[in-house]
Amino acid sequence: MYAYKEYDQQLLNERVAQYRDQTQRFFKGELSEDEFLILRLQNGLYVQRHAPLLRVAVPYGMLNTEQVRKLAHIARTYDKGYAHISTRQNVQFNWPSMENVPDILGELASVQMHAVQTSGNCIRNTTTDQFAGVTANEITDPRPYCEIIRQWSTLHPEFAYLPRKFKIAVTAATDEDRAAIRFNDVGLRIIKNDAGEIGFEVFVGGGLGRTPLAGSLIKPFLAPKDLLSYLEATLRVYNRYGRRDNKYKARIKILVKALTPEVFGKKVDEEWQHLRDGALDLPNAEIEQMKGYFPEPAYETLENNPPPLADAKKENGAFSIWLRQNTDEHKKAGYQIVTLSLSPTSVAPGDVTDNQLDVIADLADKYSFGEVRNTHNQNIVLADVKQEDLYDLWKQLQTHGFATANIHTINDIICCPGGDFCALANAKSLPIADQIQKRFDDYDFVYDIGEISLNISGCMNACSHHHIGNIGILGVDKKGKEFYQVSLGGDAGFSANVGKIIGPSFNEGDVADVVETIIKHYIDSRIEGETFLMTYQRIGMASFKEKVYVKNN
Amino acid sequence: MSKIIKNREIIEDQWVSIDNPEQDLASTDASANIIVELAYWLENKTSLIERTGKVGVLLLGSDEPELFHQELNNIDLIAINFPKFGDGRGYSIARLLCERYDYQQEIRAVGDVLRDQLRFMERCGFNAYALRSDRNMEEALASFSAISVDYQSDVAEKKPIYNRRP
C-alpha cells in the first residue's frame, strides 16, 4: 500500500490547518453560509437532515489496520459509535458536529487519511476493483495507476471548481467489472494490445442520477505515459464547456451526449495535442516506482485445498456454503479472498460499529497481512487469507456477525442511508431493504435464486446505483407519500446496461411482494444455469410486468 | 483609488474598468489605463490602441483565447471575470493564456474573488486579484502560503512532483 512521503503528510497537515481556519472564519461570520458551503464540501462535509455528514476518502478502497482502528476511534469519540461504508469505497460518519470536524481531520491526518475532495464539484476519490492485485483475472495491478491519479487530482489548481462532481474508476480485470467503470465520468480499463503493451481504454460520460448513461469509448488505447496529459485534456474540455446553468445538466455525461461522443473525443484530442509529450508525461521510472509501493505481501508457498480446509468442507455444510458465497479464488495457490458481509438482516447495509471495526482490524492483522479493503457493494474484503485459516476465520466472523453467506445474493442489498438520514432523499430506503431481507430469510431459497444484485436508492441522485441493479428500487415522493419504482435488467459490468422501469410505482408495504413475484417468475422461467439477469435478457420485460400487475390488481 | 493584490502585494489599482464604453469612454481621461470587454475591444481596437493610456480587456468565462490570441501583443492587461467563485472556467482560460499563448502581462481575477481561491488562481497564471470589496486584503495575503505542497505542474512549476524528486 502507498506509504506517505514527507510531502504527502505536509500537504495533509497544512490542509487541516487551512480548514480549521476556514471553520473559525465561518463561526466568526467572516464567511457566509454559501461561501463556507463550497469550502466545507471540498473537505467532505455535508449538512444532512440531523447533523453534518463527514465523508472520509479511502483511496481506491485500501486501508491498513492502523487506519481502521482510527476510524473506530472516531466513530466512538465523535460519532454515535458507527460508520458507514459508501458505494464509492469511502467511509462516512453521520453524526459529527461541525465544530469537531477540524479535530477529526487532524486525527485522520495522523494516519495518512483525509476528506479532501470527497464532495463538491471537483475530482473525487478514484475507485477500483476490490480484488485488485489479488485476482488471477487481471492484466496488471491497477492500484499504482490509481495512486498516480490520486496525486494528480489532489488540489489540482485548475479543476477545483468544475461544473459538477467528477468520478474516475479504474479496472484491470478481465472477468468482471467490479468497479462499474462505465458508470463513472471517466472509466479506465487497462488492456493489453496485440503487441503485448499495456494501455487504457478510456470511457467517458457514464453516470447514474437523473440521466443514467453508460460511458462511451473515446480512446481505444492510451499509453500509460499519456495517462495524465489525456486526463488533463478531458477535464479541461469539461471545465470550459460543461453546463453551469443547471446543476442537473452539469455532469460531463450531458456534455458528451450533447456533442456526441465522437465530437467530444475530437475536442479532447485537439486539446491533448498541446499537452502530450510535455510536463505531464508519465515516465516509466515513475510508474515502476509507484508499482514498488504495492508489493506482494510475503506469501508462503502453499497448496490449494489443504487438508484443514478439505476436512472442514466435508464436516460443515454452513461453512461450505459460506466458502462458496463469500470467498473468491486468489491468484496465489493456498490463499483465498474473503468478503465480510456488512448487510445482515436488520442492520443498515454498509453500517459498521466501532467495535466491529476494531475486530476487523484484529482479524486483518491476524489473517490478512494487516490490510483491509472497502467494496462498492458496501462490504469489506480481507484479500490474502490462507486457505488453512479459513475455517478459524469463519468461526470468528460468525461471532461478530460478518459471516452472513449472502454475497451476490438477493440479501446482499446495496442501499443508501435514505430518508432516515439524508436531506436529499425523497423516501426511506433502509426499511425497504429490511422488508426484502426478511422476506427472503430462507437461505435454501436465496441460494437457489443465485447471483443477483438488488439496489435501493432513496432519491434520483441514485447513490445506491439502482439503475444498474439487476433489480433496482427507487424511492419517489408523490404529494408527500412515499412510493417505490422498480426497474429490471440493470447491469454494472462491462456490458453496462441501465435497468428498465417495470411500470407504475408501488406502495411501501407492497415492495417485498413485488420483488417476490419477480423472483418467482424468474424461477419458473429460467433454464438450467441461468442467472436472474440472463433469464430477464432472454424473456424480456413483458411477462414480468404481467405477473406483477396482475397480482397487484 | 481602490486597492488590489498584485504579485502578492497590496497596491493601488492603476486601472479603470469601463463598463459602458459607448457612454463613459468620452468622459474618461485619454491617459487613463482602461479595461473594456473583449467584444468591444475587438470592434474598436484601432481607436483603442491609439489612446495614450493602456488598454486591457475583460474576459468572461465563455470567451475563448483560441479565437483572439493573435491580438495578445496589443492587449496590456487581461481581467478574467468570476461571476460566482464556484465558476471555475477562468482557471482554464488563465492557463491557456500563460502556457499556450505565453501572455506575460497582468492577468487579473475580478468578480467574486475570495481569499481561499487565490493560491489556485496564482498557480493557473493569475498575478493580480481584485478581491471582493468587503474582504480584508491583509488577511488574504496569508492564504497564498496555506498549502506549500503542489503535486501538479503549473504555470510557475514546470514539473509535477514525481519529476521534482531528487
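Residues numbered from 1 in each chain as written. Chains lettered and ligands numbered in written order. Predicted model: local features only at pLDDT ≥ 70, side-chain atom pairs only at ≥ 80, totals over all residues. Heavy atoms only, no water.

Structural notes on the interface of chain B and chain A
Rules: Any two residues whose heavy atoms approach within 4.5 Å at even a single point are treated as in contact. By convention, the term buried area covers the 1.4 Å-probe accessible surface removed from two parts as they join, with the contributions of both added. Only one rule defines a salt bridge in this text: a Lys or Arg side-chain nitrogen within 4 Å of an Asp or Glu carboxyl oxygen. Pairing of N or O atoms within 3.5 Å defines a polar contact, subject to two protein rules: one partner must be a possible hydrogen donor and the other a possible acceptor, and residues neighboring in sequence count only if both atoms are side-chain atoms. Runs of H or I in DSSP of at least four residues are treated as helices and runs of E of at least two as strands, each being numbered from the N terminus. The residue classification treats Ala, Val, Leu, Ile, Met, Phe, Trp, Tyr, Cys and Pro as nonpolar and Asp, Glu, Lys and Arg as charged. All others, Gly included, are polar.
The interface is formed by 38 residues belonging to chain B together with 47 residues belonging to chain A. Each partner contributes to the roughly 3600 Å² buried at the junction of chain B and chain A, and carbon and sulfur atoms together form 52% of this total. Here chain B is connected to chain A by 9 salt bridges. One salt bridge in this structure joins Arg-100 of chain B and Glu-271 of chain A, with 2.6 Å as the shortest N-O distance. Summed over the shared surface of chain B and chain A, the number is 25 residue pairs in polar contact (both at pLDDT 80 or more). Those elements giving two or more residues to the side of chain B that touches chain A turn out to be α3 (89-100), α4 (118-123) and α6 (161-164) of chain B. The element contributing the most residues to the side of chain B that touches chain A is α3 of chain B, with 7 residues. Residue composition of the side of chain B that touches chain A, by class: 14 nonpolar, 8 polar and 16 charged.

Remarks on the pairing of strand β12 (residues 335-340) of chain A
Residue and element names in this part refer to chain A. To keep it simple, the criterion reads: Residue exposure (1.4 Å probe, protein chains only): buried if accessible area is under 20% of the type maximum, exposed if over 50%, otherwise partly exposed. Two strands pair under a simple rule: DSSP has to find at least two bridges between them.
β12 sits mainly inside the fold: 6 of its 6 residues count as buried. Of the two faces of β12, the one holding Tyr-335, Ile-337 and Thr-339 and the one holding Gln-336, Val-338 and Leu-340 are both buried throughout. As paired strands, strand β11 (residues 327-329) and β12 are joined by 3 bridges and run antiparallel to one another. Paired with Thr-327 across the bridge in β12 is Val-338. Taken together, β11 and the strand that follows it, β12, pair antiparallel across an intervening segment of 5 residues, in which Gly-334 is found at a positive phi of about 85°. The sheet contact formed by β12 and strand β15 (residues 380-386) spans 5 bridges and is antiparallel. Bridging from a neighbouring strand, Gln-336 pairs with Val-385 of β15.

Here's the deal with the side chain of Glu-158 of chain A
Its location among the elements puts Glu-158 of chain A in the loop between α5 (143-153) and β7 (168-171). Sequence-distant contacts of Glu-158 of chain A, defined by excluding residues within four places in its chain, comprise Glu-232, Arg-236 and Asn-239 of chain A together with Gly-88, Tyr-91, Ser-92, Arg-95 and Cys-124 of chain B.

Concerning the packing of helix α16 (residues 511-525) of chain A against helix α17 (residues 532-539) of chain A
All names here are of chain A. What counts, and what does not: As a rule, the C-alpha atoms of each element are fitted with a line to give its axis, helices using only the stretch in contact, and angles between N-to-C directions run from 0 to 180 degrees. Any angle between 65 and 115 degrees counts as roughly perpendicular, while under 35 counts as roughly parallel, over 145 as roughly antiparallel, and the rest as oblique.
Running from amino to carboxyl end, α16 crosses α17 at an angle of 80°, the nearest separation of the two axes being 10 Å. When the interaxial angle is binned, α16 and α17 end up roughly perpendicular. Seen from α16, the contacting residues are Ile-518, Ile-519, His-521, Tyr-522 and Ser-525; seen from α17, they are Phe-532, Thr-535, Arg-538 and Ile-539. Split by residue class, the contact of α16 with α17 holds 5 nonpolar, 3 polar and 1 charged.

Some details on empty space enclosed by the protein
Rule in force here: We place a 1 Å grid over just the protein atoms. Points where a 1.4 Å probe fits but has no way out form a cavity, open points with protein on both sides within 12 Å along at least 5 of 7 lines form a pocket, and any residue with an atom within 4 Å of a point lines it. Grid points are joined across faces, edges and corners, and a volume is the space filled by probe spheres set on the points.
Tallied over the entire structure, the rule returns 8 cavities of 30 Å³ or more. By volume, the largest cavity is sized at about 210 Å³. Looking at the largest cavity, it is lined by 18 residues, and the ones nearest its centre are Arg-15 and Gln-18 of chain A together with Asp-116, Phe-120 and Ile-147 of chain B. Ranked by the residues each element gives to the lining of the largest cavity, the list is headed by α4 of chain B, at 4 residues. Residues belonging to the lining of the largest cavity are distributed by class as follows: 7 nonpolar, 5 polar and 6 charged. In this structure, the second largest cavity spans a volume of roughly 110 Å³. The residue makeup of the lining of the second largest cavity, split by class, is 4 nonpolar, 6 polar and 2 charged.

Looking at the domain arrangement of chain A
It is common to give the size of an interface as the accessible area that goes away when the parts come together. All names here are of chain A. Here is the rule: Here the limits of each domain have been adopted from an automatic or database domain assignment.
Segmenting chain A into domains produces domain 1 (6-109), domain 2 (134-292), domain 3 (307-399) and domain 4 (414-552). Measuring from the centre of the C-alpha atoms in domain 1 to the corresponding centre in domain 3 gives 29 Å. Taken together, the contacts link 22 residues of domain 1 with 24 residues of domain 3. Between domain 1 and domain 3, a total of about 1900 Å² is buried, with carbon and sulfur atoms accounting for 52% of that surface. Area buried by domain 1 at its contact with domain 3 is led by Thr-65, Arg-69 and Ile-85, which between them contribute 29% of it. Linking domain 1 with domain 3 are 4 salt bridges. With a closest N to O distance of 2.8 Å, Arg-69 and Asp-365 form a salt bridge. At the junction of domain 1 and domain 3, the tally comes to 15 residue pairs in polar contact (both at pLDDT 80 or more). Every element with two or more residues in the side of domain 1 that touches domain 3 is listed here: β3 (62-64), α3 (65-78) and β4 (82-85). Sorting elements by how many residues they give to the side of domain 1 that touches domain 3 places α3 first, with 7 residues. Class assignment for the residues of the side of domain 1 that touches domain 3 results in 11 nonpolar, 9 polar and 2 charged.

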